[in-house]
Amino acid sequence: YREPRMRWLAGEKNTETIHTENRCSFRLDVTRIMLSKGNLSERARVPRLVEEGEVIVDMFAGIGYFSVPIARHASPGRIYAIEKNPLSFRYLRENIRLNGVQDVIIPILGDCREIRMGNIADRIIMGYLPRTDRFLRTAFEALKPQGGIIHYHDTFVEDELWEKPLDILERAGFRAGYNIKKVRYKSVVKEYAPRIYHVVMDAEFNKL
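Bear in mind the structure is a predicted one, so any value in this text is a computation, not a measurement. (Residues numbered from 1 in each chain as written. Predicted model: local features only at pLDDT ≥ 70, side-chain atom pairs only at ≥ 80, totals over all residues. Heavy atoms only, no water.)

Q: Give a detailed account of the overall build of the chain, specifying residues and quantitative values.
A: The number of helices and strands found in the chain is five helices and nine strands. Traced from its N-terminal end to its C-terminal end, the chain shows the element sequence β-β-α-β-α-β-α-β-β-α-β-α-β-β. Its C-alpha atoms give the chain a radius of gyration of 17 Å, within 12% of the compact-globule value 17 Å for 208 residues. Considering only C-alpha atoms, the chain reaches an extent of 60 × 40 × 30 Å along its principal axes. Here the chain holds 208 residues, and the buried ones make up 49% of them. Long-range contacts, defined here as pairs at least 24 residues apart, represent 66% of the contacts in the chain between residues at least 6 apart. Considering the chain, the positive charge centre built from 34 side chains and the negative charge centre built from 28 side chains are found 2 Å apart. (Helix = DSSP H or I, 4+ residues; strand = E, 2+ residues; numbered from the N terminus. Rg over C-alpha atoms; globule rule 2.2 N^0.38 Å. Buried < 20%, exposed > 50% of the residue type's maximum accessible area, 1.4 Å probe, protein only. Contact = heavy atoms within 4.5 Å. Lys, Arg positive; Asp, Glu negative; His and termini not counted. Charge placed at Lys NZ, Arg CZ, Asp CG, Glu CD.)

Q: Can you explain the pairing of strand β2 (residues 24–29)? Please cite residues and give values.
A: Of the strand pairs in this sheet, strand β1 (residues 16–21) and β2 are connected by six bridges, and their pairing is antiparallel. Paired with I18 across the bridge in β2 is R27. Remark: two residues form the turn of the hairpin made by β1 and β2, two consecutive strands paired antiparallel; N22 in that turn has positive phi of roughly 50°. (Pairing = 2+ DSSP bridges.)

Q: Which residues make up the sheet that holds strand β7 (residues 147–157), and what values go with them?
A: Read from one edge to the other, the open sheet built from seven strands follows the order β5-β4-β3-β6-β7-β9-β8, with strand pairing classed as mixed. Two strands bound the open sheet, and with one partner strand each, they are β5 (105–109) and β8 (178–193). The mean inter-strand angle of the sheet, taken between neighbouring strand axes irrespective of direction, is 15°. Two elements, strand β3 (residues 55–58) and strand β4 (residues 78–83), share four bridges in a ladder whose sense is parallel. Bridging from a neighbouring strand, D58 pairs with A81 of β4. Together, β4 and β5 form the strand contacts of helix α3 (residues 86–98), whose direction differs from that of β5 by roughly 165°. (Axes fitted to C-alpha atoms, helices over the stretch in contact; angles between N-to-C directions.)

Q: Which residues make up α3, and what values go with them?
A: With 13 residues, α3 ought to run about 18 Å at 1.5 Å a step, and its terminal C-alpha atoms sit 18 Å apart, in line with that. Buried within α3 are the following residues: L87, S88, F89, Y91, L92, N95 and I96. Of the residues that open α3, the one with a side-chain oxygen 2.9 Å from the backbone nitrogen of L87 is N85. Once α3 finishes, G100 follows within two positions and takes phi at roughly 65°, a positive value. (Expected span 1.5 Å × (residues − 1). Polar contact = N/O pair within 3.5 Å; in protein donor to acceptor, adjacent residues only side chain to side chain.)

Q: Go over the environment of H153, please, and point to the residues and values.
A: Mapped onto the elements, H153 comes out in strand β7. You can call H153 buried: its relative accessible area is 2%. For the pair H153 and G110, spaced 43 residues apart in the sequence, the C-alpha separation amounts to 20 Å. When neighbours within four sequence positions are excluded, H153 is seen to be in contact with E42, F66, M126, G127, Y128, T132, V189, H198, V199 and V200.

Q: Could you give me a rundown of the pairing of β4, with the residues and numbers involved?
A: Regarding the hand of the β-α-β motif, the stretch spanning β3, helix α2 (residues 67–73) and β4 is right-handed. Pairing of β4 with β5 involves five bridges; the strand directions are parallel. Residue I79 lies in a different strand from β5, and its bridge partner there is I105. Regarding topology, α3 serves as the crossover connection from β4 to the parallel β5, and that connection is right-handed. (Right-handed = clockwise from strand over helix to strand, strands pointing away.)

Q: Please set out the nonpolar core residue by residue, giving values where relevant.
A: In terms of nonpolar packing, the biggest core is built from 30 residues, with M59, I124, M126 and I150 touching the most fellow members. Contributing elements (two or more residues each) for this core: β6 (123–126), α4 (136–142), β7, α5 (163–176) and β9 (196–207). Looking at this core element by element, the count peaks at five residues for β9. The residues touching M126, leaving out its near neighbours within four places in the chain, are M59, F60, T132, F135, L136, A139, I150, H151, Y152 and H153. (Core = buried A, V, L, I, M, F, W, Y, C linked by side-chain atoms within 4.5 Å.)

Q: Describe the packing of aromatic side chains, naming the residues involved and giving the relevant values.
A: Using the criterion set out here, one finds six aromatic pairs in the structure. Here the aromatic rings of F60 and Y128 are separated by 4.8 Å at their centres, their planes lie at 25°, and the arrangement is stacked. Note that F60 is positioned in the loop between β3 and α2 and Y128 in the loop between β6 and α4, a separation of 68 residues in sequence. Judged by relative accessible area, F60 falls into the buried class, the value being 16%. Among the aromatic residues, those joined into a cluster by ring pairs are F60, Y128 and F135. The cationic tip of R45 hangs over the ring face of Y185; the distance from NZ or CZ to the ring centre is 3.7 Å. (Phe/Tyr/Trp six-rings, centres within 6.5 Å; stacked < 30°, edge-to-face > 60°. Lys NZ or Arg CZ within 6 Å of the ring centre and 35° of its normal.)

Take it as geometry only, folks, not as evidence of what the structure does.
Here you go:
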């Protein structure tokens, strides 16, 4: 529910626009919806990883930043895009139509912790922060029984990289009956605050 802090200066007071990135179009109201340009490279990277027929759960879909480009530029079987904010959800549905991916993305309004998907996902996107670890139990409840990939975003201080995010994922996975087969990718996405970084870790899990 975070909203940008903006002050109107001049001109026609119409704050809705269409933002274009990665050959996708996103309609949004820039005074009411957060748009992080720091995540642009990450939103371009993930679609290149998706294999044909994968089932994907986007736990914090927003207006479709990850779901839409994956649907446009990869060949997933299905994407379940979950969003809690009703305004963001309205734009998510509109952006699904705007990009012509209605046959791929299923938008779901609600808190991902309260939505029971079953063990259906080959890949889970956790594009939320901070304290993303609070949602890992939900992520593992959606992961296929044989395992899959979790794209885990969170914030850490400089001295915690990369031991702490790995430890968080290992512990959460063990509690859910999974272990890390491989860390496929890890990177600093952007500086979140002085010496605090938004990072991403792609971890592949299999069943214990």
